[in-house]
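Observations on the model geometry
Chain by chain, the residues run as shown.
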Amino acid sequence: MTSEIISFYKDKTVFITGGTGLLGKVVVEKLLRATDVKRIYFLVRTKRGEKMEARFESWKKDQVFEVLLKKKPLALEKMTPISGDCCAPDLGISDADRRILAAEVQVLIHGAASVRFEEPLEQAVVINTRAVRLITQLAREMRLLESFVHVSTAFSNCVVPQIQERFYPEHLSCPVDKVLDMHNSVSSETFEKMAPALMGKFPNTYTYTKALGEQVIQEEAKGLPVGIFRPAIILSTFKEPVQGWVDGLQGLIAMIFATAYGFVHLMLVNLKVNAPIVPADYCVNVAIASAVQIAKISKQNKNGPPPIYAFTPSESNLVTYEDLAGLCYQNGLEVPNAKMIWYPFTHCTRCPYLYGIGIYFYHLLPGYLLDIVLRLKGQKPMMIKSYHKVHEGMRSLLPFSRQTFTMDMRNTNEMWQTMSPEEKEMFNFDMSTLNWKEYVTCLMEGIRLYLFKDLRTPESVAQGKRILKRFYVLDRLLKTVLVILFGVSIWLLITNLVPLL
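Definitions and limits used
As a convention, each chain's residues are numbered from 1 in the sequence order in which they are written. With the structure being a predicted model, the display of local features is reserved for residues of pLDDT at least 70 and the display and counting of side-chain atom pairs for 80 or more, all residues being used for whole-chain, interface and lining totals. Side-chain metrics in this entry use all non-hydrogen atoms of the structure; hydrogen atoms and water are not considered. UniProt positions are given in the numbering used here, feature names are shortened, and annotations may be inferred rather than shown by experiment. To qualify as a helix, a DSSP run of H or I must reach at least 4 residues; to qualify as a strand, a run of E must reach at least 2; elements of each kind are numbered from the N terminus. Three exposure classes are used, based on accessible area relative to the maximum for each residue type with a 1.4 Å probe and protein chains only: buried under 20%, partly exposed in between, and exposed over 50%. Any pair of N or O atoms that falls within 3.5 Å is considered a polar contact. Within protein, one atom must be able to donate a hydrogen and the other to accept it, and sequence-neighbouring residues count only if both atoms are side-chain atoms. Residues count as neighbours in contact if any of their non-hydrogen atoms are within 4.5 Å of one another. Here, a strand pair is defined by DSSP locating no fewer than two bridges between the strands. Angular values range over 0 to 180 degrees, each being the angle between N-to-C directions of two axes fitted as lines to C-alpha atoms, with helices fitted over their stretch in contact. Here, the term nonpolar core denotes a set of buried Ala, Val, Leu, Ile, Met, Phe, Trp, Tyr and Cys residues that are joined through side-chain atoms within 4.5 Å. Should an angle lie under 35 degrees it is considered roughly parallel, over 145 roughly antiparallel, and from 65 to 115 roughly perpendicular; all remaining angles are considered oblique. Less than a right angle of anticlockwise turn of the near helix away from the far helix marks a crossing as left-handed, whereas a clockwise turn marks it as right-handed. Following the grouping adopted for this structure description, the nonpolar residues are Ala, Val, Leu, Ile, Met, Phe, Trp, Tyr, Cys and Pro, the charged ones are Asp, Glu, Lys and Arg, and the polar ones are all others, Gly among them. What counts as a domain boundary in this text is fixed by an automatic or database domain assignment. Here a cavity means grid points, on a 1 Å grid over the protein atoms only, where a 1.4 Å probe fits yet cannot get out; a pocket means an open set of points with protein on both sides within 12 Å along at least five of seven lines; lining residues are those with an atom within 4 Å of a point. Grid points are joined across faces, edges and corners, and a volume is the space filled by probe spheres set on the points. By the criterion used throughout, a crossover qualifies as right-handed when its path from the first strand across the helix to the second strand runs clockwise, the strands pointing away from the viewer.

Looking now at the UniProt feature "domain: Fatty acyl-CoA reductase C-terminal" (unreviewed entry) in the protein chain. Using the residue numbers shown here, the UniProt feature "domain: Fatty acyl-CoA reductase C-terminal" (unreviewed entry) corresponds to residues 362-454. Between the C-alpha atoms that bound residues 362-454 there is a distance of 26 Å. The span itself is 70% helix and 2% strand.

Here you go:
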């Protein structure tokens, strides 16, 4: 089979940052399984005292590689970890490793980022902006470089509701070079005080620093074969390498998990808004294919503007948050997990004020009571702390769930049209034909298997249904008692007030 994508990657040396994250792992897996790359270098940092070598050994055991290793048992021998840290000067890469990368790398995929929406600005600038400058400087040293993909986000310019595949420097209150100069010249405390003025209309430090990172590419990567990939909210894989694979509790995945767990019962979201969600494996296919297009475009016009590839749901096949919530809830009733702690009902509001009041009744009051029970049992209280994290996460998602964004995907769609039928099958990212019900089923199965650690079997489903039925009865009894108590309170209040009138 003749494939431009497969031919491009044959015997190529690739360098990836962010290879230990969800998207990075799936990129690595797909390159090793579907192409004949020569070698993949990827940046690995020491984490919580665990050295790079130990993290690499643990990384290789991830379930996402099971299909790959059955097909190509020696595939991971092509992986070479590079000790480094995107928060360190010069990325923390040794001179020896830097020389190797400069001499060998032909494809660079920069995906490392902090995805915490409320990260302090000083820290977010370091990893989401300064690291882009440092990786761009490294790219200039790579003598064989053919393609450089910078992974941004579809929300890097969320200060406008209609986002085109172009740069938006006009929305930055201060050019990126001045922001980085200030970051280097003032104290962390002073820089944080400047955050509101610097961020302007950006809702959080994540989107702001990703926008700054894009300006680094626009201003400092001229002459390089570079392009930008802007994915929307990435959830689990859909079809490959395994259905529903997820890697940790973050963002919307964490909210869906907490709801299925019976932990979260009030959500801050506009249900009528379109949900900008995309499968992880589709995202990876866009990233891999875009690297080929970037190389072609660079050869045609080396000094042209970097192409931008946005990836969001197709306008012809949209899904709302109401649709998503309904599909998740339906799956939870049909094949309930056995790890839930209460009946998984959820009410939604789009009003932050009502949400701020409602969480006291839905979450905090029950949380305090459960923490008291835990203390009496001699266990560590955890409910209130966990609820505070959930509420922070819910509020951080509000900018993306209170309004519908319209995102241009012209470049991505044109790239899809240039692909052969065989490539479209092997590197599928056609959102217009995605079956949302089937995908959400895979998503929920993945959450069940990889997060709840609850393998779906006839026995576990039957157990889940028994638990669901018991919690349903308890939930109805509790609500009935609460309604009666509320009614009695109102009646007593009225009867005590009437004589006074």
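Here we come to the side chain of Thr35. Of note, Thr35 is situated in the loop between helix H2 (22-34) and strand S2 (39-44). On the basis of relative accessibility, which here comes to 1%, the residue Thr35 falls in the buried class. Side-chain polar atoms of Thr35 contact the backbone oxygen of Leu31, separated by 2.5 Å. When neighbours within four sequence positions are excluded, Thr35 is seen to be in contact with Tyr9, Lys30, Lys72 and Phe427.

Our next topic: the environment of Gln243. Within the element layout of this structure, Gln243 appears in the loop between strand S8 (233-234) and helix H11 (251-260). Residue classification places Gln243 among the partly exposed residues on the basis of a relative accessible area of 45%. When the C-alpha atoms of Gln243 and Cys442 are compared, they prove to be 5.7 Å apart, with 199 residues separating the residues in sequence. Filtering out sequence-adjacent residues up to four positions away, Gln243 remains in contact with Thr237, Phe238, Cys442 and Tyr450.

With that settled, consider the sheet that holds strand S5 (residues 147-151). Reading across the sheet, the 7 strands line up as S3-S2-S1-S4-S5-S7-S11 and stay open at both edges, with parallel pairing between neighbours. One side of each edge strand has no neighbouring strand; the edge strands of this open sheet are strand S3 (79-83) and strand S11 (308-311). Direction aside, neighbouring strands of the sheet carry axes that sit 20 degrees apart on average. Sheet analysis places strand S1 (residues 13-17) next to strand S4 (residues 107-110), joined by 4 bridges and oriented parallel. Each residue of the ladder has a partner; that of Ile16, found in S4, is Ile109.

With that out of the way, let us pick up the nonpolar core. Core analysis: the biggest nonpolar cluster contains 115 residues, and Tyr9 and Phe311 have the highest contact counts within it. Sort the elements by how many residues they give to this core and helix H12 (residues 280-300) lands first, with 11 residues. In contact with Tyr9, other than residues within four places in its own chain, are Leu31, Thr35, Asp36, Val37, Val107, Ala287, Ile288, Ala291 and Val292. In terms of nonpolar packing, the next biggest core, distinct from the first, is built from 44 residues, Ile135, Leu172, Leu180 and Leu198 among them.

Let's shift gears to the packing of helix H6 (residues 121-141) against helix H7 (residues 176-185). Relative placement of two packed helices is described by the angle separating their axes and the distance separating the axes. Relative to each other, H6 and H7 sit at 125 degrees, their axes nearing to 11 Å. Considered as vectors, H6 and H7 are oriented oblique to each other. Judged by the twist between their axes, the crossing of H6 over H7 is left-handed. In this structure, H6 contributes Glu122, Val125, Val126, Thr129, Arg130 and Arg133 to the contact, and H7 contributes Val176, Asp177, Leu180 and His183. Each residue belonging to the contact of H6 with H7 can be placed in one class, and the counts come to 4 nonpolar, 2 polar and 4 charged.

Attention now moves to the domain arrangement of the protein chain. For the protein chain, the assigned domains read domain 1 (4-117 + 126-170 + 208-244 + 276-314 + 405-429) and domain 2 (469-500). With centres defined by C-alpha atoms, the gap from domain 1 to domain 2 works out at 56 Å.

This part takes up the UniProt feature "transmembrane region" (unreviewed entry) in the protein chain. When the UniProt feature table is mapped to this numbering, "transmembrane region" (unreviewed entry) covers residues 353-374 and 477-498. Regarding residues 353-374, the helix share stands at 100% and the strand share at 0%, and the terminal C-alpha atoms are separated by 30 Å.

To find leftover empty space, a probe the size of one water molecule is rolled over the atoms. Empty space within the second largest pocket amounts to approximately 590 Å³. What lines the second largest pocket is a set of 33 residues, among which Thr259, Ala325, Cys328, Tyr329 and Thr346 lie closest to the centre. Looking at the lining of the second largest pocket, the elements with two or more residues in it are H11, strand S9 (266-268), helix H13 (321-334), helix H15 (383-401) and helix H18 (436-451). Among the residues forming the lining of the second largest pocket, the class breakdown is 25 nonpolar, 6 polar and 2 charged.

Now for the pairing of S5. For S5, the buried fraction is high: 5 of the 5 residues fall into the buried class. Residues Ser147, Val149 and Val151 line one face of S5 and the alternating positions Phe148 and His150 line the opposite face, and both faces are buried. Between the parallel elements S4 and S5, the chain passes through H6 in a crossover that is right-handed. Here S5 pairs with strand S7 (residues 226-231) via 4 bridges, running parallel. Bridging across to S7, Val151 finds its partner in Phe229.

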